[in-house]
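# Structural characterization, general
For reference, the chains in residue letters:
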Amino acid sequence: SVDYDGGADGSAVAVVLSGATTSGVDFGHRGTGTVGDTVWLDEDEDGSVGEFEEPIAGADVTLTWWGFDGDQGTGDDYTLPVRITDENGYYRYQSLPPGSYTLTVDTSGITIGLDPTTPTTVLVVLAAGASNMTGDFGFAVEAELPFTGLAADHLLLASALMIGLGALVFADTRKRERKFKIALGRIE
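Definitions and limits used
Residues numbered from 1 in each chain as written. Predicted model: local features only at pLDDT ≥ 70, side-chain atom pairs only at ≥ 80, totals over all residues. Heavy atoms only, no water. Helix = DSSP H or I, 4+ residues; strand = E, 2+ residues; numbered from the N terminus. Buried < 20%, exposed > 50% of the residue type's maximum accessible area, 1.4 Å probe, protein only. Contact = heavy atoms within 4.5 Å. Polar contact = N/O pair within 3.5 Å; in protein donor to acceptor, adjacent residues only side chain to side chain. Pairing = 2+ DSSP bridges. Phe/Tyr/Trp six-rings, centres within 6.5 Å; stacked < 30°, edge-to-face > 60°. Lys, Arg positive; Asp, Glu negative; His and termini not counted. Salt bridge = Lys/Arg side-chain N within 4 Å of Asp/Glu carboxyl O. Patch = residues over 30% accessible without salt bridge, like charges linked within 9 Å, V, L, I, M, F, W, Y side chains within 5 Å. Areas by Shrake-Rupley, 256 points an atom, 1.4 Å probe, with all protein chains shown as cover. Charge placed at Lys NZ, Arg CZ, Asp CG, Glu CD.

## Regarding the overall build of the protein
Helix and strand counts for the protein stand at one helix and 10 strands. Here the protein, with 188 residues, has 23% of them falling under the buried criterion. Restricting the contact set of the protein to residue pairs at least 6 apart, pairs at least 24 apart contribute 61%.

Right, dumping it as structure tokens:
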């Protein structure tokens, strides 16, 4: 912020004449908290950044302050500008006031074929001057079902053939049973 009369001492002297208006005597305050950390490829899917796991660059992360009332969804909530992870998967929000925040990673900006291994939205409660560097978001390659050797369309065809064969065997058995009964003289 700018101190009206200089010195950055948080005070100003202004002379206001009767009936006049004086503007420009504004005081701003900046928070001292920090929120951030990493978006990464969680290869072992354990939810923790491993030493050799790759970062995800270019991911959008959003931080929303719940405002002075500390209640989410009220008129004083404020969404800070989006941070984009750097080549190391890092992002930071600095100079934050104390309070409650919602931290979210935009999954639509993550490479197709990756699923989250951690929550994609987390609550952060920040004390004055505190640093919360636990906003990690992990993603892993989508798990594919193992190939069993038969595709679904092959199983459908095999099932239809088995049902047809079963019907033929049943009909043939009934026919043979009738012939046997005739041969014994027990016709029904």
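## Some words on the environment of Tyr-93
Here Tyr-93 shows up in strand β5 (residues 90–96). Remark: the alpha-carbon pair of Tyr-93 and Met-133, spanning 40 residues in sequence, is separated by 9.9 Å. Beyond its immediate sequence surroundings of up to four residues, Tyr-93 is in contact with Gly-33, Thr-34, Val-35, Val-61, Thr-62, Leu-63, Leu-80, Pro-81, Val-82 and Arg-83. Polar side-chain contacts of Tyr-93 include one of 2.7 Å to the backbone oxygen of Val-61.

## Observations concerning the pairing of strand β1 (residues 33–41)
Taken across its nine residues, β1 has nine buried, putting it largely inside the fold. By the bridge criterion, five bridges tie β1 to β5 in an arrangement that is antiparallel. Bridge pairing in β5 links Val-35 to Tyr-93. Pairing of β1 with strand β9 (residues 131–132), which is carried by two bridges, proceeds in the parallel orientation. Residue pairing across strands places Thr-34 opposite Ser-131, the latter belonging to β9.

## Remarks on the environment of Glu-87
Note that Glu-87 resides in the loop between β4 (83–84) and β5. Once you skip the residues sitting within four places of it in the chain, Glu-87 turns out to touch Pro-55 and Ala-57.

## Digging into the packing of aromatic side chains
Taken as a whole, this structure holds one aromatic pair when the rule is applied. Judged by centre distance (4.9 Å) and plane angle (75 degrees), the ring pair of Trp-65 and Phe-68 falls under edge-to-face. Judged by relative accessible area, Trp-65 falls into the buried class, the value being 12%. A residue is classified by how much of its surface remains accessible, and Phe-68, at 77% relative accessible area, is exposed.

## Here we look at the side chain of Glu-53
With respect to the element layout, Glu-53 can be found in the loop between β1 and β2 (60–65). Within the buried core, Glu-53 has no salt-bridge partner, and the shortest N-O distance to an opposite charge, that of Arg-92, equals 16 Å. Polar contacts involving the side chain of Glu-53 include one to the main-chain amide nitrogen of Asp-44, which spans 3.2 Å. From its side chain, Glu-53 meets the backbone nitrogen of Gly-50 in a polar contact 2.7 Å long.

## A few points about the side chain of Thr-118
With respect to the element layout, Thr-118 can be found in the loop between β7 (114–116) and β8 (121–126). On the accessibility criterion, Thr-118 (14% relative accessible area) is buried. At 2.9 Å, the side chain of Thr-118 and the backbone nitrogen of Gly-138 are in polar contact. When neighbours within four sequence positions are excluded, Thr-118 is seen to be in contact with Trp-40, Gly-47, Asp-136, Phe-137 and Gly-138.

## A short note on unusual backbone geometry
Phi is positive for Asp-37, close to 160 degrees, though the residue is something other than glycine. Within the secondary structure, Asp-37 is located in strand β1. For Glu-45, which is not glycine, the phi dihedral falls at a positive 55 degrees. If you trace the backbone, Glu-45 turns up in the loop between β1 and β2. The class of Glu-45 is exposed, set by a relative accessible area of 51%.

## Section: a negative patch on the surface
Taken together, Glu-43, Asp-44, Glu-45, Asp-46, Glu-54, Asp-115 and Glu-142 make up a surface patch of like negative charges. Along the polypeptide, Asp-46 turns up in the loop between β1 and β2.

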